[in-house]
Amino acid sequence: GIQVEQSPPDLILQEGANSTLRCNFSDSVNNLQWFHQNPWGQLINLFYIPSGTKQNGRLSATTVATERYSLLYISSSQTTDSGVYFCAGVSTDKLIFGTGTRLQVFP
Amino acid sequence: DAGITQSPRHKVTETGTPVTLRCHQTENHRYMYWYRQDPGHGLRLIHYSYGVKDTDKGEVSDGYSVSRSKTEDFLLTLESATSSQTSVYFCAISWTGLDTQYFGPGTRLTVL
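Keep in mind that what you see is a predicted model, and the values were worked out from it rather than measured.

## Regarding the overall build of chain A
When helices and strands are counted, chain A shows zero helices and 11 strands. Ordered by position from N to C terminus, the α and β elements of chain A give β-β-β-β-β-β-β-β-β-β-β. In terms of overall size, chain A behaves like a compact globule, its C-alpha atoms giving a radius of gyration of 13 Å where 107 residues would be expected to give roughly 13 Å. Considered along the principal axes of its C-alpha atoms, chain A spans approximately 40 × 25 × 20 Å. By the burial criterion, 50% of the 107 residues in chain A qualify as buried. Here the analysis covers contacts within chain A between residues at least 6 apart in sequence; of these, 55% occur between residues at least 24 apart. Here chain A has roughly 5,100 Å² of accessible surface; of this, 48% comes from carbon and sulfur atoms.

Shown next as structure tokens:
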């Protein structure tokens, strides 16, 4: 079946540290997206990344579609990076979410 | 940010009562989605629409129905709410169904 798995489930960092979040996805998943859900519950799309690498400020993402994984890099983390990071894979026209990585950044 | 609103934002209701949640978009996107978010489950798709009057079931559609009579509005109805439907409900939109999805602010529903 279609599966999207994320690791680690929880991550605690001190401000300024770097981190890497991983997403593994099964066959039939065509495109990969990364979302951030802030502590107020708002879901923001970070990257739409079927393959290759994209960067947006301190965040970057890489998807290796042939090996069925994607990575989200957060550099020089800030307290505002706290929240839950979801990856999601598109199958036909449906988006299947992983269960998320909860990130806490402390000053 | 995409123009997506949800109403109401919070609702408390009793078991057995009907509930309708509304999603409204100003972006003219073809696809609209309803998800629920529960601890330990991430976001799960309830129903989605790929055009006016065109809808299909998602992963957790039992107990829910939807309607889309206009491009901009997508309604989610719980015909007879149960406590297991206590959740946060998110609406989302996308152009093609394969591209970026944009999410509304969410509706927190409590069924007592």
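## Some details on the overall build of chain B
Counting secondary structure elements, chain B contains zero helices and 11 strands. Tracing chain B from N to C terminus, the helices and strands come up as β-β-β-β-β-β-β-β-β-β-β. Expected size for 112 residues packed as a compact globule is a radius of gyration near 13 Å; at 13 Å, chain B falls within 12% of this value. Seen through its C-alpha atoms, chain B measures out along the principal axes to roughly 35 × 30 × 25 Å. The buried share of chain B, taken over its 112 residues, is 49%. Looking at chain B alone, contacts between residues at least 24 apart form 55% of all its contacts between residues at least 6 apart. Accessible area for chain B stands at about 5,200 Å²; split by element, carbon and sulfur atoms hold 49% of it. Each charge class in chain B can be summarised by its mean position, and for the 11 positive and 12 negative side chains these summaries are 3 Å apart.

## Describing the state of the cysteines
Residue and element names in this part refer to chain A. With the rule as written, the count across this model stands at two disulfides over all chains. A sulfur-sulfur distance of 2.0 Å marks the disulfide that ties Cys 23 to Cys 87. On the sign convention where negative is left-handed, the bridge of Cys 23 and Cys 87, at about 75 degrees about the S-S bond, is right-handed. Separated by 64 residues along the polypeptide, Cys 23 in strand E3 (residues 19-25) and Cys 87 in strand E9 (residues 83-91) bring together distant segments of the chain. With a relative accessible area of 0%, Cys 87 lands in the buried category.

## What about the interface of chain B and chain A?
Of the residues lining the interface, 18 residues belong to chain B; the matching set on chain A comes to 17 residues. The three residues of chain B that bury the most area against chain A are B:Leu43, B:Leu98 and B:Phe103, which together make up 32% of that side's buried surface. For the interface between chain B and chain A, the tally reads zero salt bridges. For the interface between chain B and chain A, the tally reads five residue pairs in polar contact (both at pLDDT 80 or more). Mapped onto the side of chain B that touches chain A, the elements with two or more residues apiece are strand E4 (31-38) and strand E5 (42-51) of chain B.

## Some words on the pattern of salt bridges
Applying the stated criterion across every chain yields a total of six salt bridges over all chains. Linking A:Asp27 and A:Arg68 is a salt bridge whose minimum nitrogen-to-oxygen distance equals 3.7 Å. Highlighted residues: A:Asp27 in the loop between E3 and strand E4 (31-37) and A:Arg68 in the loop between strand E7 (59-64) and strand E8 (69-74), separated in sequence by 41 residues. Relative accessible area serves as the criterion here: at 22%, A:Arg68 is assigned to the partly exposed category. Among the ionic pairs, B:Arg36 bridges to B:Asp38, the shortest N-O distance being 2.8 Å. Accessibility assignment for this pair places B:Arg36 and B:Asp38 in one class, buried. Through salt bridges that share partners, B:Arg22, B:Lys70 and B:Asp73 make up one connected network.

Conventions we followed
Residues numbered from 1 in each chain as written. Chains lettered and ligands numbered in written order. Predicted model: local features only at pLDDT ≥ 70, side-chain atom pairs only at ≥ 80, totals over all residues. Heavy atoms only, no water. Helix = DSSP H or I, 4+ residues; strand = E, 2+ residues; numbered from the N terminus. Rg over C-alpha atoms; globule rule 2.2 N^0.38 Å. Buried < 20%, exposed > 50% of the residue type's maximum accessible area, 1.4 Å probe, protein only. Contact = heavy atoms within 4.5 Å. Areas by Shrake-Rupley, 256 points an atom, 1.4 Å probe, with all protein chains shown as cover. Lys, Arg positive; Asp, Glu negative; His and termini not counted. Charge placed at Lys NZ, Arg CZ, Asp CG, Glu CD. Disulfide = S-S within 2.5 Å. Buried area = accessible area lost by both parts, 1.4 Å probe. Salt bridge = Lys/Arg side-chain N within 4 Å of Asp/Glu carboxyl O. Polar contact = N/O pair within 3.5 Å; in protein donor to acceptor, adjacent residues only side chain to side chain.

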